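An overview of the molecular structure
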Amino acid sequence: MTELMLAVLETLRAVLPPSAGPLDEDTQLYDRPGFDSLAVAGVLERLEDRLGMEMDPGLILPETFETPRTIAEALERSGALVRE
Amino acid sequence: MQIQEGFFRSAARTPDALAFSFEGRQVTYAQAAERVERLAGSLADQLPSGARVAINASKSIDAIIAMLACLRAGLTYVPIDPAAPIRRRRFIVDDCGARALILDARTQRDWDAEEDLPASLELVICPEPRQRPGITALTADALAAAGRPVRRIVGDQNLAYILYTSGSTGEPKGVMITHRNAAAFVDWAAAAFGLGPGDRVAVHAPLHFDLPVLDVYASLATGATVCPVGERTVLFPEALLRFLRDERITVIYAVPSALTALVNRSTLTAGGLPDLRLVLYAGEEFHPQPLARLMERLPDAAVYNLYGPIETNVVTCYPVEAADLQRPRIPVGRPVASARILLLDGDRVVDRPGEEGEICVHGPSVSPGYLNRPDRTAASRFRVEHDGTIYEGYRTGDYGRWDEQGVLHFLGRRDALVKTRGFRVELGEIEATLLNHPAVAEAAVIATPHPEYTNLLSAFVVPHAGVPVDESTLLDWCRETLPAYMVPAELSIREEMPHTSTGKIARRELAAQPA
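Reading the values: rules and limits
- Residues numbered from 1 in each chain as written.
- Chains lettered and ligands numbered in written order.
- Predicted model: local features only at pLDDT ≥ 70, side-chain atom pairs only at ≥ 80, totals over all residues.
- Helix = DSSP H or I, 4+ residues; strand = E, 2+ residues; numbered from the N terminus.
- Rg over C-alpha atoms; globule rule 2.2 N^0.38 Å.
- Contact = placed C-beta atoms within 7 Å.
- Pairing = 2+ DSSP bridges.
- Axes fitted to C-alpha atoms, helices over the stretch in contact; angles between N-to-C directions.
- Parallel < 35°, antiparallel > 145°, perpendicular 65-115°, else oblique.
- Left-handed = near helix turned anticlockwise from the far one by under 90°.
- Nonpolar A, V, L, I, M, F, W, Y, C, P; charged D, E, K, R; others polar.
- Buried ≥ 20, exposed ≤ 12 C-beta atoms within 10 Å, placed from the backbone.
- Arc of directions from axis to C-beta.

When you go through chain B residue by residue, the secondary structure sums to 16 helices and 28 strands. Over its C-alpha atoms chain B spans a radius of gyration of 23 Å, differing by no more than 12% from the 24 Å that the globule rule assigns to 515 residues. Considered along the principal axes of its C-alpha atoms, chain B spans approximately 70 × 60 × 55 Å. Looking at chain B alone, contacts between residues at least 24 apart form 67% of all its contacts between residues at least 6 apart.

We now examine the sheet that holds strand β26 (residues 440-450) of chain B. Residue and element names in this part refer to chain B. If you trace the three strands from one edge of the open sheet to the other, you get β26-β27-β28, paired in mixed fashion. The strands lining the two open edges of the sheet, one partner per strand, are β26 and β28 (490-493). Shown here is a sheet whose adjacent strand axes are inclined to one another by a mean of 20 degrees, direction ignored. Two strands pair when backbone bridges link them, and strand β27 (residues 454-463) and β28 are joined in this way by four bridges, in the parallel orientation. Paired with F460 across the strands is S492, a residue of β28.

Before going further, it helps to spend a moment on the packing of helix α1 (residues 5-13) of chain B against helix α2 (residues 29-46) of chain B. For any two helices packed against each other, the geometry comes down to the angle between their axes and how far apart the axes lie. Residues and elements named next belong to chain B. At their nearest, the axes of α1 and α2 sit 8 Å apart, and the two run at 135 degrees to each other. The orientation of α1 relative to α2 falls into the category oblique. In this structure, α1 crosses over α2, and the sense of that crossing is left-handed. Touching F8, S10 and A11 of α1 are Y29, A30 and A33, all from α2. Here the contact of α1 with α2 is composed, by residue class, of five nonpolar, one polar and no charged.

Here we come to the interface of chain A and chain B. Taken together, the contact pairs 14 residues of chain A with 16 residues of chain B. Residues of the side of chain A that touches chain B, tallied by class, amount to nine nonpolar, four polar and one charged.

Residue and element names in this part refer to chain B. Where α2 meets helix α3 (residues 61-72), the axes come as close as 8 Å, and the angle between the chain directions of the two elements is 55 degrees. The pairing of α2 with α3 is recorded here as oblique in orientation. Where α2 crosses over α3, the handedness of that crossing is right-handed. Residues A32, R35, V36, E37, L39, A40 and L43 of α2 pack against I65, A66, L68, A69, C70 and R72 of α3. Of the residues in the contact of α2 with α3, the class split is 10 nonpolar, no polar and three charged.

Once that is clear, we can look at helix α3 (residues 68-77) of chain A. Residue and element names in this part refer to chain A. Regarding α3, the residues found buried are P68, I71, A72, A74 and L75. Taken around the axis of α3, the buried residues stretch over an arc of 160 degrees, which confines them to a single face. Where α3 terminates, the next one or two residues include G79, which has phi positive at roughly 105 degrees.

Next up on the list: the environment of P299 of chain B. Residues and elements named next belong to chain B. Topologically, P299 is positioned in the loop between α12 (288-297) and β14 (302-307). In the structure, P299 is positioned 27 residues away from G272 in sequence and 9.6 Å away in space, judged by C-alpha atoms. Not counting chain neighbours up to four residues away, the residues in contact with P299 comprise A270 and G271.

Glancing now at helix α10 (residues 237-246) of chain B. Residues lying three or four places apart along an α-helix face the same way, a consequence of the helix completing one turn every 3.6 residues. All names here are of chain B. Of all 10 residues that make up α10, seven are buried, and the element is covered over most of its length. For α10, every residue scored as buried is listed here: P237, E238, A239, L240, L241, F243 and L244. Its buried side turned inward, α10 meets β10 (200-203), α9 (231-235), β12 (251-254) and α11 (256-264). After α10 finishes, the residue R248 shows a positive phi value of roughly 50 degrees.

The following block contains the structure:
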């Protein structure tokens, strides 16, 4: 797993309530309780702080937040470093 | 006059015009009116006039049609946040004694997982009816099929809807709104903003807010098209931008946090939304800086600041001009047609420019009070004699002053009610939630100003001696009870709390030390 994916998963775990259950790379986030507008804003803000970068505004779309993998891909396309 | 009547007048005048457009589905006024009448017919057969109907559904055409059907049947609807913790939703159903509950597929799953339903319920309308003892469950289609078109006229002092808002005692409180209250604002808004056929009005805020009252009832009364913004679209500034452009929205009414996100976090360029003629905002202050950026990118749109708490709906309005963007704060404006505003300093009416006073509202839009909370209602009232006239109504708890031109300026709050991301929050409700945790001895929640969200919430907690507890446990506790916007952004555990000489928690001191 890349460091970027780890950062995405750790951030999601910190933001979502425990009732959201376990997460992996392909968890469908919109099905999970607590994944609302504030969760999305919180996840994005924390990831941007942690990675020291900003997601391309044109990528901040519903489809980007379907799963942890799609979030990591959008960050990568916005210039995040990817280390194994 | 009842607030849904304008919709039926439009349906008679322009039956083939579009009443609703949502995610590819278009519904004409004639189609919508027929559906509303049929649903109302069945509801009126099953429920007495004035009964409460809880609507726990995501924003959609069907949810708005359900609201109209309740009103047509002489019932009072109670919209409940579909994303709120189920405990809070149950509290609201119990508190208002709802006889019926209207659900969509998503909220039905949440309620199906509950062992029993609140005792007041007798009718559940949902996509996949499930039998429970003592409950009639059926689909909206079955309900509509059984209904004969009906209208039940109720007086304008009857309740149209009840909106729940944060309460300082640890429980939300229901603000009762009569037809007369709502109509006072809706009639003014429809005329003031020149809404009419050809307008496509976005419904951006959730239905349990008071902003959609304008979007829905003022639009439908004037023959405009109501365009709900899908809940997923609301989450993403770029998706909102595409929605506004592709749906050719002409009017949007939203909280500043959402409009700030649109300008800061989307690819909106100057002139990129040529159809948008009117931007209305309310709910919190708009910082002049992001507001200036928004106005640069929407050079052809008129922008208005609307002010008023849920208890009175909008009572002042201010057209924002470029010159206002140099001010530290945008004024809240002049009183709108039906409202009389008095500034009170104790029992004295303050009316000289520059003098400060509490903003108090007299007029037809003032709510009769909080459901089942006569003490809270009484505490929120004022009565004063001024120039030989008795004025009475609602004390907002906000401070303001008049300027030389008779324009009202907002100065701040007198209590622990704050705004965050456009939501209104009683800090005491969050503190009460923390204190309900068995490990917590003392709790304080502080709001710190934030450029994008108005305020960020930080919690400080002192646990009972020797009881181990950590930050994430307490934040999870909050998440399971409170709506997301009330969960503190930060929480810190302290050995002791700073106190003032009178023994109160020293909030200023806490505010100076971040969590």
